[in-house]
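In case you want the letters, here they are:
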Amino acid sequence: MRGFDFLSPKSLIAALRAIDGKAPTCKLLAGGTNVIPTLRDGTLKPRFVVDLGGIKALNYIREKQGWIQIGALTTIRDLLNSPLIKKKGSLLWEATHIFAGPLVRNRATVGGNLADASPAADTAVPLLALGARVKLRSLKGQRTVPLNRFFAGYQRTVIKPGEIVTEVTFPVPARGRKQSYYKLGRRNAMAISVVSVAVLLQMKGKICTDTAIALGAVAPTPLRVEKAEGILRGKKVDLELVKHCAQAAAKSVKPIDDIRASADYRRTLCEVLVHRMICQSLGLEDAD
Amino acid sequence: MPFDKTTATLLGKSIPQPDSLEKAVGETLFSDDIRLPGMLWGLALRSPFANARIRRLDVSKAKALPGVRAVLTARDIPGVNRRGNMPGNRDDQPVLVEDRTRAVGDPIALVAADSSETAKEAISAITVDYEQLAPVEDPLVSLEPDAPLVDEEGNVIGDLGYTRGDTEKGFSMASAIVEETYRTQFAEHAYLEPEAGVAWTDPGDVLHIRCGTQWVENFRHIARILGVSHNHVRIESPLVGGGFGGKIFMTIEPLLALLAKATGRPVRMALTREESILSSTKRHPYILRYKMGADADGRLTALLADLVGDVGAYSDASPVIAWYSIGFLGGHYRCKNVQVHSRFVLTNNPSGTAMRGVGSAQITFALEGTMDSLAEKLGMDPFEFRKRNHLSKGESLSTGQPLKNAVFFSETWEAADKALDRALLRNSEEIPKLSPKVLRARGHASNMTGYGRRHGHLSQAQVSVQFDGSAVVSVGVADIGSGQRLGCQQVAAEVLGLPMDKVTLSTSDSQLNPIAGMTAGSRTFLNAAGPVQRAAEPIAKALKEAAASLLEARIDDIILADGKAFVKGSPSVNVPHAQLVPAAAAAGTSLTQLGTLKIEEDLYPGEETAHNAGWLDYTFGGMAVEVAVDPQTGQVMLLGLGISHDVGTAVNPQIVVGQCEGGVVQGMGLALTEDCCVKRGKAEAHDFSTYLIPTSLDIPSIEVAILESGEGEGPFGARGIGEPPHNITPAAIASAVSRAIGVRVTSLPITPEMVLTALRTGEWPH
Ligand SMILES: Cc1cc2nc3c(=O)[nH]c(=O)nc-3n(C[C@H](O)[C@H](O)[C@H](O)COP(=O)(O)OP(=O)(O)OC[C@H]3O[C@@H](n4cnc5c(N)ncnc54)[C@H](O)[C@@H]3O)c2cc1C
């Protein structure tokens, strides 16, 4: 690890001042579970590292006017232990107990997971399906970006120099929403997703009134598959329709070959898992 | 005087390892924890290329940096620039590369500096001008006559085999024949403790190396590298954080030695996980072709095995492993017509070495798979088919070696199957939650693993009793975590009739302890605790003689237990050891005894062509596993696993269970997830996010059934159990998956993607 100046502001405003004008030589550090490995292997050589860990005010989980608000420095363990998340954001909760292992969960933050913008980021997939928004602050002010416009490419986001992610927030899903999440990894813990799927469905009888489908590790960024969603919306859902929807989902992804799986397998699994998640949440008998 | 098991007090007791708690809470000092005054930090510059000529190497800038105390290249080696490692290999591996790299990770230069930062800076200040050459990646390509030479002496380092009977005739008598080719992967030992250590020179000019190793005898190779006599090098191994065969031969020891010698100061080195995986030895990938035939009664008529092993860049331990493989290829089945052939071939891949079961995991996977296929083709139950062919006690292996001890084939197979039932019962909450669409099946395997190499070497240990009756055991063997020290302690305490805390140990020091050889090959209880037993016996005899005269009884009636001697049946009238030891000394008995074990190289009739392949004895076992395969994703879930081995005598049942469970978990990795993914000679998977060892959440419900025939060559009739549970696991898992999907699994690891492809195409993808 090369030498750098280590700054530990205790408030958001102090942090914003600390980073002001320093980009691109400055690196924000939250839990450090992504940053430390890149400092260690030399891919990252910042002059300043600004540790956000001291900003206690950015660690919270609360419900306000129909929205769940999560401070950027909230750890994965905090989410896992939160009865509120378990009850009203079960899709996100599902993603936290298969996230890495206890040691990493104790440090990893939700803000860091989103800002790192890995295609396999495990909180991003359910948060996308939940229609989450990201709050960003700079010395100039505050803005809110919908999560599906937050990712700009492989490990890139729309965060501008001088900005810090302060919060991620999503509307409390309406009662009776069907939610299901699945992460396919090569082992049961400490696994980077091969494919992950989050499905949210609002039903009125057999009619799907609204849906959200998000996928991870199958494109440069985690993504919503809007075409596939459109196939279900406003329709009576039967197995035939689910099949169409799953096929459409598989068509809209751009997976790659890597050490964990081939692009072909990932694409196939998109179809299989989207199909399965929809059937499971609706209690449909999965034909194959 | 044969040992009387009926009066034993410690035999069969699950005494916990004294260092377990200390390790669990992080108090044990491992090699990486040692700091010495004035210590320097050592670092190696390693080749990023598998095959390259070094046109120019310039270390002048690195040398000029302040705080840099030494920069060494091949030219600075005072002795012989060869690692040596295993007697009988080609001695083809330089310590530091001279002009050509043959593998990724080959060390080219060494640096010692005041801080690790300065050492890193110095490494990056070294310039190397490489001329990259195409690496030989495939052993089959390397075998071709016009293949580029990896080594000037030729690419084939071992071409071995033997023939019994007439296989052609045998196949002509067969009513069913199966021919299959199996492939296995590069597997990393993945010891939790990466290579680390310190070296320094003492005022008597003895170079000390304190570094986790499985073999303190490596001091001889280091002396040759340094150009000094053997007595000037001393290896002391701290407790080792796992070895699995990867720390038998030297890792960083010669690098430490060179830097300490050159600087005259203590030097420390510690590899990162990435450097460790990129530069260390691996389990050999095997390409195994089996052709087997059986008659309508299900009796084997012919067995043909052809093996190509990928040696990697240097011969290292491969010549010996080639021999072991020959010994296992013929299998533990009765067959008159056998032809076995193996070739071990150099490539520019990571070097293969010993890994838990030295070649037997790969062979068991292929042999048992072929046996299953043949049973299927005959329309026979796999157990029934094997029962007709399995060798029994007294019969000979196809190498010619007779099996002189119990062969519990049916016993272990059935016990494993029952153990699986219990394992499934324990999992009875999860199983009903499975989708009805999963493909469930049970698979089995049987295995034979050697222990105790017939190499004619001596293993020795020393036992001393003190005047108060307590004892010290001294044995030059390393403890790699599986209870080697405890085994020696328990045996000494049992023979001397002492409580455990009255026996202390001095181990793992190449100059202070009698040498007992490597901690490897399921040999250590036999080869280390065995000499301990032999050393303790004459002392026990002297104590009994003293007691017999004091108690006015016959020596045969004297029992030594819990630090006292008494006449069998009347423990209340006793004499403490504290009184017996001085009496024995006065009678002229030496209170320090050396115990020696020699395993003879004797050949059995007809064994000449395969004699090196044999072991003193073998351990037999069975495994049963039930899997659920998701037909749409290809994921394999282990629902439960039962394992049973005949361990002869379970001297410490908890240690046996630990070896079984640990072996299974490591075997699961080999079966399902672990693969170095070597491309252009480089392990693409070189950290623990890509090299996937099982986590605690992946471990299924495991039940262990220990069987004790009482027939083994170790102390009290014990057999080796360090490797057998590991090498049977991939075979059993593959058997279950094959049944579940209806396609024979012929390569490892069994990835979900391959399973899915097999389900869709009806063939296993290679
Ligand atoms: C062993 C291991 C296992 C892992 N397993 C998983 C897994 O199962 N699933 C998964 O999704 N990830 C996994 N990860 C990746 C990582 O843990 C997560 O992405 C984690 O959420 C990152 O959070 P952090 O707080 O540690 O981020 P850091 O490493 O501190 O930061 C990550 C990035 O975000 C930026 N950043 C952090 N906070 C902010 C902020 N408030 N505003 C703007 N930028 C910010 C940093 O500058 C950096 O670029 C794993 C990592 C390791 C080492």
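On a predicted model such as this, the values are computed, not experimentally measured, just so you know. Here the residue numbers are simple positions, counted from 1 along each chain's written sequence. Numbering of ligands from 1 and lettering of chains from A proceed in the order in which they are written. Only residues with pLDDT of at least 70 are given local features in this predicted model, and only at 80 or more are side-chain atom pairs given and counted; all residues enter the totals for whole chains, interfaces and linings. By convention in this description, side-chain values take in all heavy atoms of the structure and omit both hydrogens and water.

Caption draft 1: Geometry of helix 7 (residues 253-263) of chain B. Residues and elements named next belong to chain B. Think of it in three bands: residues with accessible area under 20% of the maximum for their type are buried, residues over 50% are exposed, and the middle band is partly exposed, with areas taken using a 1.4 Å probe on protein chains only. Labels follow the DSSP assignment, with helices taken as runs of H or I lasting at least four residues and strands as runs of E lasting at least two, numbered in each case from the N terminus. The buried count for helix 7 comes to nine of 11 residues, which makes it a mostly enclosed element. Restricting attention to buried positions, one finds in helix 7 the residues E253, P254, L255, L256, A257, L258, L259, A260 and T263. Backbone geometry just downstream of helix 7 places G264 in the positive-phi region, at approximately 70°.

Caption draft 2: Up close: a negative patch on the surface. Residues enter a patch when their relative accessible area is above 30% and they make no salt bridge; the linking distance is 9 Å between like charges and 5 Å between nonpolar side chains (Val, Leu, Ile, Met, Phe, Trp, Tyr). Using a 1.4 Å probe, the Shrake-Rupley method yields the accessible areas, and only the shown protein chains count as cover for residues. For this document, the term salt bridge refers to a Lys or Arg side-chain nitrogen within 4 Å of an Asp or Glu carboxyl oxygen. For the purpose of counting charges, residues Lys and Arg are taken to be positive, whereas Asp and Glu are taken to be negative. His and the chain ends are not included. Taken as the charge location is NZ of Lys, CZ of Arg, CG of Asp or CD of Glu. A cluster of like negative charges, contributed by E137(B), D138(B), E144(B) and D146(B), occupies part of the molecular surface. For D138(B), the position within the fold is in the loop between strand 6 (127-132) and helix 4 (139-143).

Caption draft 3: Looking closely at the environment of G456(B). All names here are of chain B. Tracing the backbone shows G456 in the loop between strand 19 (439-453) and strand 20 (458-465). Along the chain, G456 and E600 lie 144 residues apart, while their C-alpha atoms are 4.8 Å from each other. By the convention used here, residues are in contact when the closest approach between their heavy atoms is within 4.5 Å. Residue contacts for G456: discarding those within four places in its chain leaves K598, I599 and E601.

Caption draft 4: Structural view of the domain arrangement of chain B. Residues and elements named next belong to chain B. Domain boundaries shown here were taken from an automatic or database domain assignment. With domains assigned, chain B is organised as domain 1 (5-27 + 457-599), domain 2 (34-133 + 192-242 + 247-279) and domain 3 (282-453 + 604-761). Here domain 1 and domain 3 have C-alpha centroids that lie 36 Å from each other. Listed per partner, the contact involves 26 residues of domain 1 and 25 residues of domain 3. Note on definitions: buried area is the accessible-area loss of two parts on being combined, 1.4 Å probe, summed for both. Carbon and sulfur atoms make up 64% of the surface buried where domain 1 meets domain 3, a total of about 1,800 Å² over both sides. When the buried surface of domain 1 facing domain 3 is broken down by residue, S522, F525 and L526 rank first, second and third, together holding 29% of it. Here domain 1 and domain 3 share zero salt bridges between them.

Caption draft 5: Fine view of the pairing of strand 26 (residues 592-598) of chain B. Residue and element names in this part refer to chain B. Taking every second residue as pointing to the same face, the buried face of strand 26 carries Q593, G595 and L597, while none of T592, L594, T596 and K598 on the other face is buried. At least two bridges found by DSSP between two strands is the condition for calling them paired. Of the pairings in the sheet, the one linking strand 20 to strand 26 comprises seven bridges and is antiparallel in character. Its bridge partner being in strand 26, V463 is matched across the sheet by Q593.

Caption draft 6: Focus on the sheet that holds strand 1 (residues 5-7) of chain A. Residue and element names in this part refer to chain A. Reading across the sheet, the three strands line up as 1-3-2 and stay open at both edges, with parallel pairing between neighbours. The two strands at the open ends of the sheet, each matched to only one other strand, are strand 1 and strand 2 (26-29). When strand polarity is set aside, the average angle formed by the axes of neighbouring strands in this sheet is 20°. As paired elements, strand 2 and strand 3 (residues 48-51) share four bridges and run parallel to each other. Counted as the bridge partner of L29 is D51 from strand 3. Every angle, taken between N-to-C directions, lies between 0 and 180 degrees, and every axis is a line fitted to C-alpha atoms, over only the stretch in contact when it is a helix.

Caption draft 7: Spotlight on the packing of helix 11 (residues 382-389) of chain B against helix 12 (residues 409-426) of chain B. All names here are of chain B. Look at helix 11 against helix 12: their axes get within 10 Å of each other, and the N-to-C directions meet at 160°. Taken together, the axes of helix 11 and helix 12 lie roughly antiparallel to each other. The interaxial crossing formed by helix 11 with helix 12 has right-handed handedness. In contact with F383, R386 and K387 of helix 11, helix 12 contributes F409, S410, W413 and E414. Taken together, the residues that form the contact of helix 11 with helix 12 break down as three nonpolar, one polar and three charged. In these notes the angle categories are as follows: under 35 degrees is roughly parallel, over 145 is roughly antiparallel, 65 to 115 is roughly perpendicular, and the rest is oblique. What makes a crossing left-handed is the near helix being turned counterclockwise from the far one by less than a right angle; a clockwise turn instead makes it right-handed. Any residue that is not Ala, Val, Leu, Ile, Met, Phe, Trp, Tyr, Cys, Pro, Asp, Glu, Lys or Arg is counted as polar, Gly included; the first ten are nonpolar and the last four charged.

Caption draft 8: Inspection of the site of the ligand at higher detail. Residues and elements named next belong to chain A. One heavy atom within 4 Å of a molecule or strand is enough for the residue carrying it to be called near that molecule or strand. What surrounds the ligand is a group of 29 residues, the closest being K27, L28, G31, T33 and T109. Take T33: an N or O atom from its side chain is 2.5 Å from an oxygen atom of the ligand. In this structure, an oxygen atom belonging to the ligand sits 2.6 Å away from a side-chain N or O atom of T109. Taken by itself the ligand offers 980 Å² of open surface, and the protein chains cover 87% of this. Ranked by residues supplied to the shell around the ligand, first place goes to helix 7 (residues 110-116) with four residues. Classifying every residue of the shell around the ligand by side-chain character gives 18 nonpolar, seven polar and four charged. The term polar contact refers here to a pair of N or O atoms within 3.5 Å; inside protein, the definition further demands a hydrogen-donor-capable atom paired with an acceptor-capable atom, and it admits residues adjacent in sequence only when both atoms are side-chain atoms.

Caption draft 9: Structural context of the packing of helix 14 (residues 524-551) of chain B against helix 15 (residues 577-586) of chain B. Residue and element names in this part refer to chain B. Axis separation between helix 14 and helix 15 bottoms out at 9 Å; the angle between their running directions is 105°. Classified by the angle between their axes, helix 14 and helix 15 sit roughly perpendicular to one another. Taken together, the residues of helix 15 that come into contact with helix 14 (itself represented by A542, L543, A546, A547 and L550) are H577, Q579, L580, V581, A583 and A584. Broken down by class, the residue content of the contact of helix 14 with helix 15 amounts to nine nonpolar, two polar and no charged.

Caption draft 10: The arrangement of the interface of chain B and chain A in detail. Facing 27 residues of chain B, the contacting portion of chain A comprises 25 residues. Buried area between chain B and chain A, summed over both chains or domains, comes out near 2,200 Å², and the portion from carbon and sulfur atoms is 47%. Together, K437(B), Q632(B) and E753(B) form the three largest contributors to the area buried by chain B at its contact with chain A, with a combined 26%. Salt-bridge contacts for D630(B) lead to R276(A); the nearest nitrogen and oxygen are separated by 2.6 Å. Of all the elements, helix 18 (residues 752-761) of chain B adds the most residues to the side of chain B that touches chain A, at four residues. Looking at the side of chain B that touches chain A, its residues break down into 10 nonpolar, nine polar and eight charged.

Caption draft 11: How the structure looks around the environment of A471(B). All names here are of chain B. With respect to the helices and strands, A471 occurs in strand 21 (residues 471-475). Accessibility expressed as a relative area gives 2% for A471, which makes it buried. Along the sequence, A471 and M500 sit 29 residues apart, while their C-alpha atoms lie 9.9 Å from each other.

Caption draft 12: Seen up close, the domain arrangement of chain A. Residue and element names in this part refer to chain A. When cut into domains, chain A gives domain 1 (5-51), domain 2 (56-170) and domain 3 (178-282). Opposite the 13 residues of domain 1 that make contact, domain 2 presents 16 residues. Around 1,200 Å² of area is buried between domain 1 and domain 2 when both sides are counted, 73% of it from carbon and sulfur atoms. In this structure, the connection of domain 1 to domain 2 is made through zero salt bridges. Our count for the contact surface shared by domain 1 and domain 2 stands at two residue pairs in polar contact (both at pLDDT 80 or more). In terms of residue count, helix 1 (residues 12-19) provides more of the side of domain 1 that touches domain 2 than any other element does, six residues in total. When the residues that make up the side of domain 1 that touches domain 2 are grouped by side-chain class, the tally is eight nonpolar, three polar and two charged.

Caption draft 13: Quick look at the confidence of the model for chain B. The predictor reports its confidence for every residue as pLDDT, a score running from 0 up to 100. Model confidence for chain B is summarised by a mean pLDDT of 96, while 98% of its residues fall at 70 or above. Listed scores for the predicted complex are pTM 0.97 and ipTM 0.96.

Caption draft 14: Up close: the pattern of salt bridges. Applying the stated rule across the entire model yields 58 salt bridges over all chains. The partner of E368(B) in a salt bridge is R386(B), with the nearest N and O atoms 2.9 Å apart. Placement of the pair is E368(B) in helix 10 (residues 360-378) and R386(B) in helix 11, with a sequence separation of 18 residues. Connected through shared salt-bridge partners, R177(A), D210(A), R224(A), E229(A) and R233(A) make up one network.

Caption draft 15: Here's a closer look at empty space enclosed by the protein. Residues and elements named next belong to chain B. The definitions used throughout rest on a 1 Å grid laid over the protein atoms alone, on which a cavity is an enclosed set of points accommodating a 1.4 Å probe that cannot get out and a pocket is an open set flanked by protein within 12 Å on both sides along at least five of seven lines; lining residues are those having an atom within 4 Å of a point. Grid points are joined across faces, edges and corners, and a volume is the space filled by probe spheres set on the points. Scanning the model with the defined rule gives nine cavities of 30 Å³ or more in all. Volume-wise, the largest cavity comes out at about 400 Å³. Residue lining of the largest cavity: 30 residues in total, with R83, Q93, S279, S280 and T281 positioned closest to the centre. By residue class, the composition of the lining of the largest cavity is 12 nonpolar, 12 polar and six charged. The two domains that each donate at least three residues to the lining of the largest cavity are domain 2 (34-133 + 192-242 + 247-279) and domain 3 (282-453 + 604-761).

Caption draft 16: Structural detail: the pairing of strand 28 (residues 636-646) of chain B. Residues and elements named next belong to chain B. Most of strand 28 sits inside the fold, with nine of its 11 residues counted as buried. In terms of strand pairing, strand 27 (residues 615-629) meets strand 28 through nine bridges, oriented antiparallel. Within strand 28, the residue paired with V629 across the bridge is V636. Hairpin connection, strand 27 to strand 28: the antiparallel pair is bridged by six residues, and G634 has positive phi, about 80°. Sheet topology note: the strand 28/strand 31 (residues 702-707) ladder contains six bridges and is parallel. From the neighbouring strand, G642 faces strand 31, where its bridge partner is E703.

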